Amino acid sequence: MRDHPHEGAAAPDEHPGADAAPGGVRPTGGSHPEIPAVWHGSATNRFQWLLAGIGAACLALGVGLAVNSTWTSGLAPLVMAVVGCVAAGLLVLFGTLAFVRVAVRVDADCLEVRCGHIGVPRRRIPLDTVVDADFAPRVTPRHWGGWGYRWRPEQGTAVVVRRGEALVLRLGDGRTFTVTVDDAQGAVACVRERLRLRRPTSAA
């Protein structure tokens, strides 16, 4: 799996055309040489560990203030400082550790995304609600307003843990769900094959 950034980015509302090829081209549905029964993929970002360290430092500072403080200016300022440091530390720790890694699973019924090493937050998208899947060669946090689980009212939602390739699901309500994952083209091919098998043929 890769955790290095890819230069450049495609805006979340810019999806490759139907005739796209690798590196900007959408793979043709069903053309993948081997479609597994269950597709697994993931992506990591080691940079998030640095931010987690900052959160841990804030948490440690708050605990240190509570245990060792000799402030004489009153209890209220001390309590505010301790609570502020601990709260900031916990928020940064959760916000970073939850998005150090993302795991994607595609089976015959749904696509499931699990974040972090404990799988939270998690999202499960039934394939019945999916219209199509696209390959996005370059997605960056700035297009979604940052790292993590993002939401844009005019577009949809995204899980962004690093720059680079991503799977984009087009949903039946007109919105999209984007997740940065290694071998996103393989994920697209798997989702399209699952959708093809679920749709009745013209003969039927």
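Residues numbered from 1 in each chain as written. Predicted model: local features only at pLDDT ≥ 70, side-chain atom pairs only at ≥ 80, totals over all residues. Heavy atoms only, no water.

### Some remarks on the confidence of the model for the protein
Averaged over every residue, the pLDDT of the protein is 76; residues scoring 70 or more account for 62%. A low-confidence stretch, residues 15-32 (pLDDT under 50), is modelled with 38 contacts involving residues beyond four sequence positions or located in other chains. (pLDDT = per-residue confidence, 0-100. Contact = heavy atoms within 4.5 Å.)

### Focus on the sheet that holds strand E6 (residues 148-152)
The strand order E5-E8-E9-E7-E6 describes an open sheet built from five strands, whose pairing is mixed. With one partner strand each, in any of the chains shown, strand E5 (130-139) and E6 form the two edges of the open sheet. Ignoring which end each strand starts from, the neighbouring axes of this sheet average 15° apart. Of the strand pairs in this sheet, strand E7 (residues 156-160) and strand E9 (residues 176-180) are connected by four bridges, and their pairing is parallel. Each bridged residue has a counterpart across the sheet, and for alanine 158 the counterpart in E9 is threonine 178. Against the sheet, helix H4 (residues 184-198) makes contact with E5 and strand E8 (164-171), and its axis sits at roughly 170° relative to E5, the strand it touches most. (Pairing = 2+ DSSP bridges. Helix = DSSP H or I, 4+ residues; strand = E, 2+ residues; numbered from the N terminus. Axes fitted to C-alpha atoms, helices over the stretch in contact; angles between N-to-C directions.)

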